[in-house]
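# Results of the structural survey
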Amino acid sequence: MTNSSATARERRPAKGARRGTPAWVPFAYLAPAFLLYGTFLLFPLGRAVQFSFFEWDGLGASTFVGFDNYVQIVQDERLREAFGHAFVLIFFYSILPLAVGLMLAAILTRARVRGLGFFRTLIFLPQVIAMVVVAVTWRQIYAPDGPLNALLRLVGLESWTRAWLGDYTFTLPAVGLIGSWVSLGLVTVLLMAGMSRVPKELYEAARLDGAGPVREFFSITLPSVRGEITVALTLTIVAALKTFDLIYVTTSGGPGTSTTVPSFEVYRRAFELGEVGAATAVGAVLTLIVFAINFVVNRIGDRA
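Everything in this summary refers to the structure shown in the same document. (Residues numbered from 1 in each chain as written. Predicted model: local features only at pLDDT ≥ 70, side-chain atom pairs only at ≥ 80, totals over all residues. Heavy atoms only, no water.)

Attention shifts here to the pattern of salt bridges. A full pass over the atoms with the stated rule returns eight salt bridges. Ionic pairing is found between Arg-197 and Glu-228, a salt bridge with its closest N-O pair at 2.4 Å. Taken as a pair, Arg-197 in the loop between α8 (171-195) and α9 (200-208) and Glu-228 in helix α11 (residues 226-241) lie far apart in primary sequence, 31 residues in all. Looking at Glu-228, the relative accessible area reads 12%, which means it is buried. One connected set of salt bridges, linked through shared partners, spans Asp-76, Arg-78, Glu-265, Arg-268, Arg-269 and Glu-275. (Salt bridge = Lys/Arg side-chain N within 4 Å of Asp/Glu carboxyl O. Helix = DSSP H or I, 4+ residues; strand = E, 2+ residues; numbered from the N terminus. Buried < 20%, exposed > 50% of the residue type's maximum accessible area, 1.4 Å probe, protein only.)

Put into structure tokens, the structure is as follows:
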């Protein structure tokens, strides 16, 4: 037997050996997850979009109205105002916590602070508390006879006291600051995790070149946490646009319509006014806005 024949026999697969994985096998493993995803997310979402083209009270017969429910979103001043409030909350939920979180994370990461683990736990605590509990607590803080007004009177700023959740001018910022308090812990912990992975040699080289703390921050720290900033903005923007429980418990959209947001309008129209079709149209538009904003944020984050 020649060497070539022996080599060919060695290369020949044994009887019963697996020749290769069929192309459909990976999809078979993924099928249960796709089935659950389609059943509990895609199908309800499709049904909601379908309802948005009908005038329906949720119980009786429905009437096809085409795009009338979507046209109403543009024409209804209350709905336009609600979407405007949602964009204002983006500042309080996302931009403000990100600005403060960047400074706080940079200081805590570069400085040698004792009890850093305890501080991380403490600042992240609002994320693990139910939003209803947070809303009830802050409603008591903002009460006319609550701790905030008591503190202002104590330091001689009695003219600043007011019914914070009953003032047309200050109610939305007051609610927004609750969102800032909740989001700050998440943003700070994310940024601290990113900053802790930056090699110390980069900072040492920057100091040798004469860079100060500010230049180090903008030249080294900020570019190094680009991914964490994108994640933080994505999570907090979604939280800002879909907020409902905080508004419902603290103000119920009031006073007047000064704190109405799209999610609250979906609830009000569906369960209080019986306008299920109009409510699902608002929900569909809100979903598209959330997707569009986060798509832009992630694209910018990838290119930066």
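Now that the structure has been shown, the text picks up again.
What follows deals with the side chain of Arg-268. Topologically, Arg-268 is positioned in helix α13 (residues 262-272). On the accessibility criterion, Arg-268 (15% relative accessible area) is buried. Once residues within four sequence positions are removed from consideration, Arg-268 is found in contact with Arg-78 and Leu-273. (Contact = heavy atoms within 4.5 Å.)

In terms of nonpolar packing, the biggest core is built from 49 residues, with Ile-73, Leu-102 and Leu-191 touching the most fellow members. Elements with a contribution of two residues or more to this core: α3 (68-75), α4 (77-110), α6 (131-141), α8, α11, α12 (245-250) and α14 (276-303). If one sorts the elements of this core by residue count, α4 sits on top with 11 residues. Ignoring anything within four residues of it in the chain, the contact list for Leu-191 reads Leu-98, Gly-101, Leu-102, Ala-105, Val-225, Glu-228 and Ile-229. Among the nonpolar cores identified, the runner-up in size contains five residues, and Val-198, Tyr-203, Ala-206 and Ile-220 belong to it. (Core = buried A, V, L, I, M, F, W, Y, C linked by side-chain atoms within 4.5 Å.)

Before going further, it helps to examine the environment of Gly-166. Tracing the sequence through the fold places Gly-166 in the loop between α7 (147-154) and α8. When the C-alpha atoms of Gly-166 and Thr-188 are compared, they prove to be 31 Å apart, with 22 residues separating the residues in sequence. With near-sequence residues (within four places) excluded, Gly-166 lies in contact with Thr-171 and Pro-255.

All right, on to the packing of aromatic side chains then. Inspection of every chain in the model, using the stated rule, returns 17 aromatic pairs. Look at Trp-164 and Phe-170: their rings are 5.8 Å apart centre to centre, the planes differ by 85 degrees, and that puts the pair in the edge-to-face class. Here Phe-170 falls in the partly exposed class, since its relative accessible area comes to 33%. Taken together, a centroid distance of 5.5 Å and an interplanar angle of 25 degrees make the contact between Phe-244 and Tyr-248 stacked. Sitting over the face of the ring of Trp-164, Arg-162 holds its NZ or CZ atom 5.4 Å from the ring centroid. (Phe/Tyr/Trp six-rings, centres within 6.5 Å; stacked < 30°, edge-to-face > 60°. Lys NZ or Arg CZ within 6 Å of the ring centre and 35° of its normal.)

Residues Phe-118, Leu-122, Leu-125, Val-128, Ile-129 and Val-133 make up a contiguous nonpolar surface patch of roughly 560 Å² in combined accessible area. It is helix α5 (residues 116-128) that contributes the most residues to the nonpolar patch, four residues altogether. Structurally, the position occupied by Val-133 is in helix α6. (Patch = residues over 30% accessible without salt bridge, like charges linked within 9 Å, V, L, I, M, F, W, Y side chains within 5 Å. Areas by Shrake-Rupley, 256 points an atom, 1.4 Å probe, with all protein chains shown as cover.)

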